[in-house]
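The chain contents come next:
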Amino acid sequence: MRDITAQGQTVEEAIQNGVKELELNRDQVEVEIMDEGKKGIFGIGSRLAMVKVIEKENSVKIVTEYILDVAKKMGAEISLEAKEEGKDVYVQISGENLGVLIGKHGQTLNSLQYLTQLIANKQSEQFRNIFVNVGDYRERRYETLSNLAEKMAGKALKTKSAVHLEPMPSFERKIIHAVLSENEKIETHSEGRDPYRYVVIKPAR
């Protein structure tokens, strides 16, 4: 984050001078008033107002710069679009050699998403959820998990025993739970500790 100390005849003028110097808009900064200044009499004893203008943390900028840097180091030529919706930041990645960013079963992508979230929230006062997608991977993964959920539910009913899935991040486990939530013959829950937490599918009692 950048900050600057600025002066002006009034506090508001000092703020505007600082905002202009940082090349930002007023809503992109926070202000600390250091000295409200003094008009004086006929200019005698007057004192300029002084403020500290601080650039607000920009989650989208932080996320974008971090992912671009990681991708470059991994040899992937990418472009990305990032948008902020409330507490959520969505990142869509496109480009060449994207497989290196996805990894086996999306493990690399999930790790990238997790690390990006840590970076984005390191100094932020408001927690941000970061969602990173490469091409249409998340959509394809959702379909894969949905099919897996149905298949394993069928196996659990056929064998009349619990089926343990492979460890998954929380947002993927939620997909399994959601897909099977309306199946009255099936119960699901998660066991284990992250990052090895997994879903258990079993016949309902």
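Structural data are supplied above this passage.
Anyway, here's the lowdown on the structure attached to this text.

**Section: the sheet that holds strand 3 (residues 49–55)**
Inference 1: Spatially, three strands are ordered 1-3-2 in an open sheet, and the strand pairing comes out antiparallel. What marks the edges here is a single partner per strand, and that holds for strand 1 (3–8) and strand 2 (29–35). Ignoring strand direction, the axes of neighbouring strands in this sheet form an average angle of 25 degrees.
Inference 2: Where strand 2 and strand 3 come together, six bridges link them in antiparallel fashion. Directly across from I33, in strand 3, lies its bridge partner V51.
Inference 3: Sheet strands in contact with helix 1 (residues 11–22) are strand 1, strand 2 and strand 3, and its direction is about 140 degrees off that of strand 1.

**What about unusual backbone geometry?**
It is generally the case that most residues other than glycine have a negative phi and that most peptide bonds are trans.
Inference 1: The peptide bond linking D194 to P195 adopts the cis configuration, its omega dihedral lying at 10 degrees.
Inference 2: With a phi close to 60 degrees, E23 is a non-glycine residue in the positive phi region.
Inference 3: As for its position among the elements, E23 is in the loop between helix 1 and strand 2.
Inference 4: Judged by its relative accessible area of 70%, E23 is exposed.
Inference 5: Here N97, not a glycine, exhibits a phi torsion of approximately 55 degrees, which is positive.
Inference 6: As for its placement among the helices and strands, N97 is situated in the loop between strand 5 (88–95) and helix 3 (99–102).
Inference 7: Owing to a relative accessible area of 44%, N97 belongs among the partly exposed residues under this scheme.

**Side note on the side chain of N110**
Inference 1: Here N110 lies in helix 4 (residues 107–121).
Inference 2: Assessed through its relative accessible area of 12%, N110 is described here as buried.
Inference 3: Polar contacts involving the side chain of N110 include one to the side chain of R138, which spans 2.9 Å.
Inference 4: Among all residues touching N110, those that are not within four sequence positions of it are H105, R138, P169, F171 and E172.

**Some points on the environment of D88**
Inference 1: Structurally, D88 can be placed in strand 5.
Inference 2: Residues D88 and F131, 43 residues apart in the sequence, show an inter-C-alpha distance of 7.5 Å.
Inference 3: Those residues in contact with D88 that sit more than four places away from it in its chain are K83, N129 and F131.
Inference 4: Reaching out from D88, the side chain makes a polar contact with the side chain of N129 at a distance of 3.0 Å.

What counts as what
Residues numbered from 1 in each chain as written. Predicted model: local features only at pLDDT ≥ 70, side-chain atom pairs only at ≥ 80, totals over all residues. Heavy atoms only, no water. Pairing = 2+ DSSP bridges. Helix = DSSP H or I, 4+ residues; strand = E, 2+ residues; numbered from the N terminus. Axes fitted to C-alpha atoms, helices over the stretch in contact; angles between N-to-C directions. Contact = heavy atoms within 4.5 Å. Buried < 20%, exposed > 50% of the residue type's maximum accessible area, 1.4 Å probe, protein only. Polar contact = N/O pair within 3.5 Å; in protein donor to acceptor, adjacent residues only side chain to side chain.

Purely geometric numbers; function is a separate question.
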